[in-house]
Amino acid sequence: MTTPVPELYLCGMKTKLHFTRGEWAAALFLLTLMTAGNLYYFLCDIHPKPSCDVHQYETQFQQFAEHQARMADSVEATRQWTYGEQLRSRPDTLPPFKSQPRKPMYDIVKLDLNSCDTDALVTVPQFGSKRAAKLVEYREKLGGFHSLSQLQEVYVLQNIDTVKLKDYFYIDKRELRKLNINTATYQELVSHPYIDAYLTKLIIHHREKTGPIRNLGELQQITHAYPELIDQLRPYLDF
C-alpha cells in the first residue's frame, strides 16, 4: 500500500513534497525542538540579575569619610606645627602690638573770633564764603562776640555746631567795642542788633529831658526792658 504524498500550498500553488516517512519524522522533531527552545528563551529568565548588597556600599562610604577626616586632621596638624615652629624660632620678629594714639592730619590753629577775616574763616569746617561774610557783618554791628553761642543769632549760622567750633576759635573780649549810651547818636543806637527803634527813642528822650543814664539798673527802669535783654547789652554798653 502506497503512502499518500502531502500537498503544500505556496502562493496559491499546490506543490507535492516527495518526503519519506522518516524524513517527515525528523522534520517534525526539529520543528518541535526549535519551538520549545524559543518558548524557553522568552518565558524563562536565563540571565539572572546580579544581587545588590547595600551594606557593602555603606561600608565603602564610611571608609571614604574616615579617610577624608584623617587627611584634614593631618593637614591642620601640619599647618599648626609649621607656624608654631616659626613663631617659636623667631620670637623677636613679631613685636607686641601697641596701639598708637591717633594723630590729627594737621595741627589746628585757633582763630580769634573778634579779629579773623573771611579768608581765615573759610578754612574752618562748616564755613563757606557766605557764612564767613555774614559772621563778619554781624560782628561789626554787634561790636564783637563775647560767646560762641551768639553765632546762632545769625540766620545762616543757626544750625552750626558751636561745640565743635571751640576747637577752632577763641574769643579775645578785649576786642569788644562798647557803645556809650549817653553820647551815641540815634543811628548808632538803632544799628545795634540788641537795640530797636522803640528802645532808642526812650533812651534819647530820657537823655534830653532828665539827663544821662548812670547804669544798667536805671536803663531797665526807664525802658522796662526784660532782664534777658539787659544781660545781652551788659558787655556792649558804657555809661
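Look up a bit, the structure's there.
Residues numbered from 1 in each chain as written. Predicted model: local features only at pLDDT ≥ 70, side-chain atom pairs only at ≥ 80, totals over all residues. Heavy atoms only, no water.

Caption draft 1: Layout of the nonpolar core. In terms of nonpolar packing, the biggest core is built from 40 residues, with F127, L135, L151, L157, F169, L189 and L219 touching the most fellow members. Elements that contribute at least two residues to this core include exactly α3 (118–121), α4 (129–142), α7 (197–209), α8 (216–223) and α9 (227–233). Looking at this core, the element that brings in the most residues is α4, giving four residues. Filtering out sequence-adjacent residues up to four positions away, F127 remains in contact with L121, V122, A132, L135, L157, I160, L165 and F169. (Core = buried A, V, L, I, M, F, W, Y, C linked by side-chain atoms within 4.5 Å. Buried < 20%, exposed > 50% of the residue type's maximum accessible area, 1.4 Å probe, protein only. Helix = DSSP H or I, 4+ residues; strand = E, 2+ residues; numbered from the N terminus. Contact = heavy atoms within 4.5 Å.)

Caption draft 2: How the structure looks around a nonpolar patch on the surface. Taken together, the side chains of F29, L30 and L33 make up a nonpolar region of the molecular surface, amounting to roughly 340 Å² of accessible area. Within the secondary structure, L33 is located in helix α1 (residues 21–43). (Patch = residues over 30% accessible without salt bridge, like charges linked within 9 Å, V, L, I, M, F, W, Y side chains within 5 Å. Areas by Shrake-Rupley, 256 points an atom, 1.4 Å probe, with all protein chains shown as cover. Salt bridge = Lys/Arg side-chain N within 4 Å of Asp/Glu carboxyl O.)

Caption draft 3: Quick peek at the pattern of salt bridges. For the coordinates displayed, the defined rule picks out five salt bridges. For K134, the salt bridge goes to E137, with nearest N and O atoms at 3.9 Å. Of this pair, K134 and E137 are both found in helix α4, three residues apart, which corresponds to roughly one turn of the helix. Using a relative accessible area of 35% as the deciding quantity, one classes K134 as partly exposed. Between D231 and R234 there is a salt bridge, and its shortest N-O distance comes to 3.1 Å. We classify D231 as partly exposed; its relative accessible area is 46%. Assessed through its relative accessible area of 46%, R234 is described here as partly exposed. Here the residues in one salt-bridge network are K134, E137 and K141, joined through shared partners.

Caption draft 4: Highlighting the environment of I204. Mapped onto the fold, I204 is located in helix α7. By relative accessible area, I204 is classed as buried at 16%. Taking the C-alpha atoms as reference points, I204 and T183, separated by 21 residues in sequence, lie 9.5 Å from one another. Leave out the neighbours within four places in its chain, and I204 touches Y186 and L189.

Caption draft 5: Structural view of unusual backbone geometry. Of note in this structure, Q126 is not a glycine but carries a positive phi near 75 degrees. Secondary-structure assignment places Q126 in the loop between α3 and α4. Classification of Q126 as partly exposed rests on a relative accessible area of 31%. Positive phi values are uncommon outside glycine, yet H224 reaches one of about 55 degrees. Residue placement: H224 occurs in the loop between α8 and α9. Classification of H224 as exposed rests on a relative accessible area of 67%.

Caption draft 6: The packing of aromatic side chains, seen in detail. As enumerated under the stated definition, the model contains three aromatic pairs in all. Seen from their ring centres, Y138 and F145 are 6.2 Å apart, and the 35 degrees between their planes marks the pair as tilted. Exposure class is identical for Y138 and F145. Each is buried. Summarising the aromatic geometry, the rings of Y194 and Y236 are spaced 6.0 Å apart at their centres and angled 65 degrees between planes, so their arrangement reads as edge-to-face. Taken together, the residues span a long stretch of sequence, with Y194 in the loop between α6 (186–190) and α7 and Y236 in the loop between α9 and β6 (237–238) at a distance of 42 residues. Accessibility classification places Y194 together with Y236 in one group, the buried group. (Phe/Tyr/Trp six-rings, centres within 6.5 Å; stacked < 30°, edge-to-face > 60°.)

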